[in-house]
Amino acid sequence: RFRRADQEFEIEAVDVLAKLPKDFNEKIFTVAKWTEKKEMLDELVKLANSPKVAPGDFAELTKTLKRLTGDSMVVVVATSIQALAALAKGLKKDFAQYARNSTSTLFDRLKEKDRRVVEACHTALDAYLAGCVSVTDMVDDLTVALGPKGIPKSKSEVLKFLTRSIDSKVAAFVPKTHKPVFEAIIKGTEDAAPDIREGSFIVLAALIKACGADVMRAPLASLDDKRRKKIEALAGSDGAPAPAAAAAPKATAPKKVVKSAAASDAPAKAKGGAKAAKAKESKDEAESETAGVSTEELDTLVQTLIADDVRAKLKSSNWKERLEAIERLEEDAKANAGEMAHPAPEAWVRLLAVSFVERKETNFQVLNKVHLVVATLAEKAPKFTKRAAHWFIPHMIEKLGDVKLKQGAHDALLTIAEAATPQFVLNQGFEATKKQKAPKTIESALLWVNAMVADFGHKLIKAKPLLEMVKGMLEHANPGVKKASVEILVSMRRQLGPELRSQLADVKPALLTSIDEAFAKVAEEAPVVPRRGLKGADGEDGGEEVAEVQEVVSLTTPIAAHIKGLSDANWKERQASITAIDELVSKAKPLGCTGPYMEGACGELWGAMKARLKDLNKNLAIQVLALLGKIAGAVGPSVERYAKFVMPHMLALVADNKKQVREDVIACLSAWAEQISIETVLKHLPLALSVEAPAGREDSAKWASEYLRARVDKVRAGVDLSPILSSVMESLCHRVTEVRNAAEACLAAVIACGGKQLMEMQLRDVKPAQLKSLRPLCDKAERAAASIVVVSAPAAAAADEAKDAPSPERASAPAPSKA
């Protein structure tokens, strides 16, 4: 913190007032066009966005910006508020008096419907509270905004601002100190508007979490039991403030971890996390639908892009003229869409949406051409936004029920999905399908969904929401809808494999029988290779990463409910807790997931697992070993930081007399070795190689030999093998033949990886009498090592050839084989 303060002190302050035109405050109200106003404001924002702004008299400028928040153009309003936010961030405490004078204006502007204005207000208010003023300075304005004369829309947004500020610890809100605001919030719990009621409850819940239940008990005493219990329930859920946080702009919204609904057996906290994830996803989609150039600007732009006579014919009452106009646009789109710069394609789609979707075009010939033009823009334009897709997806879903239009709409939706991401298009399509009444339309929509699954594959489509939607459609009374739903499940079965069947336990038995029969027909089929993918990676929409589809699960809270049981004196209770945690980890795995899906930070789990590895009941220890192997695969490479907690006790179990225990130790070790680094494995391995039990030593040496042989090329790159060498050399003199043979094979692998010099350095410290018996074994191991190197050489040569080969051949070069 101090370093950052020093850096800010050293930064040269930008004198914004000096760099602005002297007549800025007068000229901005006299310019003829709103675009000129915006250009002047953009220049101000650019100057004010400097890390440090020089103090000065900003009273007149602030007054000008406040006046501009009442402008008729929302773009000007939003930009003027952005300027206030930028000045607050740059001036900090030097902007305090101006922040106090403009806070009420921002609260008032929260009533606007345009999301850009609302988000700009939230950003500015966050900046005010973070560096300029305190909640105490805002009390009067907050009381008015939340009072009887406050506008309902503004009230809802102010409550979201308060919740966000309390959650992020920016606002030190104390009920006694800020009594007028607190009383207004209490009254809000009885408001007729649902948004205000819920927002008030959420603020009070956030206060309980921030101040403590004891502090809030007296202030909440005036509430009835029903409302008080609701607030306490929300306070016990991490995800409760999610609706408020969702209103914050991207720059200030807290990052949330996605909670899998698979943890449905968890307490309310885990369920709240899942709700928070859904709220965040809904927020992101809502922003995609509204973000970007304003519709007024698009309407202005389209006048320069499309000829007047064409635009006039698009609105003609004669369908032939409309058809003629759309055919001209089709030709233009095919010829020039590839060179259209953003936001030209969006302006085109906006014009088509206004001309045909909003006016409910009925001529099928015209509509087919409209769909074709939109698909052409999605396919060829360098950037096709989600907002443009949003304007047409519900319309096209509806037209899937029209026999003359469904094929064109079907193909257009698939093309749009390539540009705007299949998950976004599916989410929009799900919502539109739910609103359809005609069974034929729903059936056609499901057939389109089936095509999406087959064409894009499970890596670009979230399996869980898709499965939930299909389950709902299975309940439909229409046989065609049920059949189409089963076809989607069959396509998912091809992609996801037999694990899909375990997710259908809640389906009615009669339907489940039909599904099982359909699954049996495709059980032996190989997964279908997706035919489509995302279009390019340059645009913010087209280049969305596939990894975004992957859910990351936090099981800290549900696991915490079973930690106490792991240390219970009754072995049955301990076993029940281990089983419960195992089920949580298994159920949390998202459908179609092939990589890590779980957070490694699991509270006290690692300490509890360490204790259970020493459990006197070996059956429980075996269960824990299996669970640890599963967790390693679920967490992935980040599990390495927890190796120090469990690996020493895990490897110590290899000395057990029971073969089953030793086999489970080796299986668990293999699972961890797939995720953690070679250095970490070699650091802990000597413990297993030096146990007293001969069988344990033998199994450990055999595993180490196989592990090193499979990684000859990787280990050669400077990995230190000395930690295990002394234990291996010691085992060469063991009384049991099997141990000596295993140690000899392991030594050969060590020499193949680290070279003969490593062995010779170890032999220097051996006594002459012992060296006489060791030398022949070492020479034998050296010869065996040469054969390991020879076997791995072709793989290395193939890799070198692949590097030097031209790109077409490189793609077909053989992968290095493991020795």
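The structure displayed is predicted, hence computed values, not measured ones. (Residues numbered from 1 in each chain as written. Predicted model: local features only at pLDDT ≥ 70, side-chain atom pairs only at ≥ 80, totals over all residues. Heavy atoms only, no water.)

Turning our eyes to something else, we now look at the packing of helix α34 (residues 659–673) against helix α36 (residues 694–709). Across the interface, α34 lies against α36 with an axial gap of 11 Å and an inter-helix angle of 25°. Between α34 and α36, the angle falls in the class roughly parallel. Judged by the twist between their axes, the crossing of α34 over α36 is right-handed. For the pair formed by α34 and α36, the contact residues are Arg662, Ile666, Leu669, Ser670 and Ala673 on the first element and Ala695, Gly696, Asp699, Trp703 and Tyr707 on the second. (Axes fitted to C-alpha atoms, helices over the stretch in contact; angles between N-to-C directions. Helix = DSSP H or I, 4+ residues; strand = E, 2+ residues; numbered from the N terminus. Parallel < 35°, antiparallel > 145°, perpendicular 65-115°, else oblique. Left-handed = near helix turned anticlockwise from the far one by under 90°. Contact = heavy atoms within 4.5 Å.)

Before going further, it helps to spend a moment on the packing of aromatic side chains. All chains considered together, the criterion is met by seven aromatic pairs. Arranged with centres 6.0 Å apart and planes meeting at 80°, the rings of Trp606 and Trp672 form a pair that is edge-to-face. Of this pair, Trp606 sits in helix α31 (residues 605–612) while Trp672 sits in helix α34, and the two are 66 residues apart along the sequence. Owing to a relative accessible area of 3%, Trp606 belongs among the buried residues under this scheme. With a centroid separation of 4.8 Å and 15° between ring planes, the pair formed by Trp703 and Tyr707 is classed as stacked. With Trp703 and Tyr707 both in helix α36 and four residues apart, this pair spans about one turn of that helix. For Trp703, a relative accessible area of 8% puts it in the buried group. Across from the ring centre of Phe29, 3.8 Å away, lies the NZ or CZ of Arg67, which sits over that ring. (Phe/Tyr/Trp six-rings, centres within 6.5 Å; stacked < 30°, edge-to-face > 60°. Buried < 20%, exposed > 50% of the residue type's maximum accessible area, 1.4 Å probe, protein only. Lys NZ or Arg CZ within 6 Å of the ring centre and 35° of its normal.)

Moving on, we come to the environment of Leu47. In this fold, Leu47 is placed in helix α4 (residues 34–48). A residue is classified by how much of its surface remains accessible, and Leu47, at 12% relative accessible area, is buried. Those residues in contact with Leu47 that sit more than four places away from it in its chain are Val14, Val16, Lys19 and Leu20.

Under the 1.5 Å per step criterion, the end-to-end length of helix α12 (residues 194–211) is 26 Å for 18 residues, consistent within 8% with the ideal 26 Å. Of all the positions in α12, only Ile196, Gly199, Ser200, Phe201, Ile202, Val203, Leu204, Ala205, Ala206, Leu207 and Ile208 are classed as buried. (Expected span 1.5 Å × (residues − 1).)

Another aspect to go through is the pattern of salt bridges. For the structure shown, the criterion picks out 43 salt bridges. Notably, a salt bridge pairs Arg350 with Asp299, separated by 3.1 Å at the nearest N-O pair. Of this pair, Arg350 sits in helix α20 (residues 344–357) while Asp299 sits in helix α17 (residues 295–305), placing them 51 residues apart in sequence. Classification of Arg350 by relative accessible area gives buried; the value is 17%. Residue classification places Asp299 among the partly exposed positions, given a relative accessible area of 31%. The structure contains a network of salt bridges with shared partners spanning Asp108, Arg109, Lys111 and Glu112. (Salt bridge = Lys/Arg side-chain N within 4 Å of Asp/Glu carboxyl O.)

Within the protein chain, residue pLDDT values average 81, and 84% of them lie at 70 or more. For the stretch residues 237–280, pLDDT sits under 50, and the model shows 79 contacts to residues farther than four places along the chain or on other chains. Low pLDDT (under 50) marks residues 790–819, which in the prediction has 15 contacts with non-local residues, meaning those over four places away or in another chain. (pLDDT = per-residue confidence, 0-100.)

What follows is about unusual backbone geometry. Among all residues except glycine, the phi angle is most often negative; among peptide bonds, the trans geometry is most common. Backbone torsion omega between His342 and Pro343 reads 10°, so that peptide bond is classified as cis. Phi at Lys92 takes a positive value of approximately 55°, unusual for a residue other than glycine. Along the chain, Lys92 turns up in the loop between α6 (74–91) and α7 (96–109).

On to the state of the cysteines, then. The tally for this structure, following the rule as stated, stands at zero disulfides. As a non-bridged cysteine, Cys746 has Cys753 as the owner of its nearest cysteine sulfur, 9.4 Å distant. (Disulfide = S-S within 2.5 Å.)

Moving on to a negative patch on the surface. Where like charges cluster on the molecular surface, the negative patch consists of Asp23, Glu26, Asp57 and Glu60. By the secondary structure assignment, Asp57 is in the loop between α4 and α5 (59–68). (Patch = residues over 30% accessible without salt bridge, like charges linked within 9 Å, V, L, I, M, F, W, Y side chains within 5 Å. Areas by Shrake-Rupley, 256 points an atom, 1.4 Å probe, with all protein chains shown as cover. Lys, Arg positive; Asp, Glu negative; His and termini not counted. Charge placed at Lys NZ, Arg CZ, Asp CG, Glu CD.)

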